[in-house]
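Chain and residue survey
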Amino acid sequence: MKTRIVKSTLVNLRLAARLIKSGEVVAFPTETIYGLGADAFNREAVRKIFAAKGRPSDNPVIVHISSFDMLKDVAIAPRGFEEIARKFWPGPVTFILPKRELVPVEVTGGLDTVAVRMPDNKITLKLIELSGVPIAAPSANTSTRPSPTSVGHVLDDLDGKIPLVIDGGASKHGVESTVIRVDGRDAVVYRLGALSLEDLEKVFSKVSFISKTDVARSPGVKYKHYAPSVPVVFVTGDAAKKINAQLTSKAVVFCSKKLNVKCKQVVVLDSKVAARKLFGFLRSSEKNFDLIFVCERPERGLGRTFNERARRAASLII
Ligand code: TXA
Ligand code: MG
């Protein structure tokens, strides 16, 4: 299959919407990362997403909507939900809600809940609106690989496997949405993401994490994720000493401050930018280096999301 790359003009968005409506998959930008989408009500189309990505079928995908009206066919929103959701939507927060019957098991991995998000990106919203259906979409990468934050990343993994990619430039957040379940006035976090815990705490009385024993309710957590083709070492504590002990001649280091390491390639970025750049860094590094060191950041704001993603990308933690 030839993969077409198109700009986000209205004509091209109409073409993409026609593909979605006819049961095809399309890769598109969102404000978090690029998604690979299909009509959420069309089980055959959703299966194509899993096939292109090589994704395990019990790992459910997020349903993207462009209006609250669309939510009605997808999920059962409890009383007061819209008021809470409006504080975050459109935006990088995904809510877990009881699902409606119309949503096939292919989307929810057999769960009785569905993950829903209204993205804060004009291209995505227009595509959903033109398609006239909610769009089920995981990240537009091969399963286990770092998430895609540019069209180049999508093509690295899916060229020849999907008919169309819409180019929306570099992703604004560069890291996925924060996935939560609302429980009364509290929130339970299923996945850290582009919206920090501190920001959730401004809205909810209590913010807690899904317990480790509850992973059946968040299937994505159990799978390997975000790993480039060369090993990643996640470095905690006194980084310089630990890195110097393990260096190879073709290693690269990603950290928050200058380090006394005997390595020519050191990338220093603050935590906010770092979370946005991590996936891109892993993808460019795999082409030029044989070992990637990523240093732990303070567990604050997006530093927490960064650490979680980097830990999961790592084959070794030192
Ligand atoms: O920012 C994002 O969230 C991006 C863009 C494309 O919207 N999407 C994304 O999708 O990251 P994906 O499939 O890579 O991650 C979805 C996460 C997985 O960890 C999955 O297990 C979880 O959401 N999830 C989906 N439906 C769920 C459900 N019903 N219950 C619990 N977790 C669910
Ligand atoms: Mg993903």
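This text follows the structure it describes.
Anyway, here's the lowdown on the structure attached to this text.

About the criteria used
All residue numbers here refer to positions counted from 1 along the written sequence of the relevant chain. Written order decides the labels, with chains lettered from A and ligands numbered from 1. Per-residue local features of the predicted model are confined to residues with pLDDT of at least 70, and side-chain atom pairs are confined, for both listing and counting, to 80 or more; whole-chain, interface and lining totals are unaffected and use all residues. Hydrogens and water molecules were not included; the side-chain quantities draw on all heavy atoms of the structure. For patch detection, residues must exceed 30% relative accessible area and be free of salt bridges, and they are connected within 9 Å for like charges or within 5 Å for nonpolar side chains (Val, Leu, Ile, Met, Phe, Trp, Tyr). All accessibility values rest on the Shrake-Rupley procedure with a 1.4 Å probe; residue burial counts only the protein chains present in the view. For salt bridges, the criterion is a side-chain nitrogen of Lys or Arg within 4 Å of an Asp or Glu carboxyl oxygen. By the counting scheme adopted, Arg and Lys are positive, Glu and Asp are negative, and His together with the chain ends is not counted. Here the site of a charge means NZ on Lys, CZ on Arg, CG on Asp, or CD on Glu. For the exposure calls, accessible area comes from a 1.4 Å probe over protein chains only, and a residue counts as buried if that area is under 20% of its type's maximum, exposed if over 50%, partly exposed in between. By nonpolar core is meant a set of buried Ala, Val, Leu, Ile, Met, Phe, Trp, Tyr and Cys residues that side-chain atoms within 4.5 Å join together. Helix numbers and strand numbers start at the N terminus; a helix is a DSSP run of H or I with at least 4 residues, a strand a run of E with at least 2. Think of the arc as the fan of directions from the helix axis to the C-beta atoms. Should any heavy atoms of two residues lie within 4.5 Å, those residues are counted as being in contact. A helix is expected to span 1.5 Å for every residue after the first. The axes are straight lines fitted to the C-alpha atoms, using for helices just the contacting stretch, and the angles between their N-to-C directions are given from 0 to 180°. By the definition adopted for this analysis, an angle is roughly parallel if under 35 degrees, roughly antiparallel if over 145, roughly perpendicular if from 65 to 115, and oblique otherwise. By definition, turning the near helix anticlockwise from the far helix through less than a right angle yields a left-handed crossing, and turning it clockwise yields a right-handed one.

So, a positive patch on the surface
On the surface, K172, K272, R276 and K277 cluster together into a positively charged patch. Judged by relative accessible area, which is 33%, R276 ranks as partly exposed.

Focus: the nonpolar core
In terms of nonpolar packing, the biggest core is built from 64 residues, with W89 and F95 touching the most fellow members. Membership of the second largest hydrophobic core comes to 22 residues, among which are V175, F234, V252 and F306.

Overview of helix α7 (residues 151-158)
What α7 keeps buried is the set V151, H153, V154, D157 and L158. For α7, the angular spread of buried residues about the axis comes to 160 degrees, placing them on one side. Residues of α7 that are buried make contact with β1 (4-7), β2 (26-28), β3 (35-39), α2 (43-53), β8 (164-167) and α10 (271-288). One or two residues past the end of α7 sits G160, with phi positive at roughly 90 degrees.

Thoughts on helix α1 (residues 10-21)
In this model α1 runs 16 Å from its N-terminal to its C-terminal C-alpha over 12 residues, within 8% of the 16 Å that 1.5 Å per residue would give. If you check which residues of α1 are buried, you get N12, L13, A16, A17, L19 and I20. Burial along α1 is one-sided: seen end-on, the buried residues are contained in an arc of 155 degrees. Summarising the geometry of α1, the exposed residues directed more than 90 degrees from the buried face are V11, R18 and K21. Residues of α1 that are buried make contact with β1, β2, β3, α6 (122-131), β7 (135-137) and β8. After α1 finishes, the residue G23 shows a positive phi value of roughly 90 degrees.

Comments concerning the packing of α1 against α6
Between α1 and α6, the shortest axis-to-axis distance is 8 Å and the interhelical angle comes to 50 degrees. Here α6 runs oblique to α1, going by the angle between their axes. Once α1 is placed against α6, the crossing between them reads as right-handed. The residues of α6 that touch α1, namely those facing L10, L13, R14, A16, A17, I20 and K21, are I123, K126, L127, L130 and S131.

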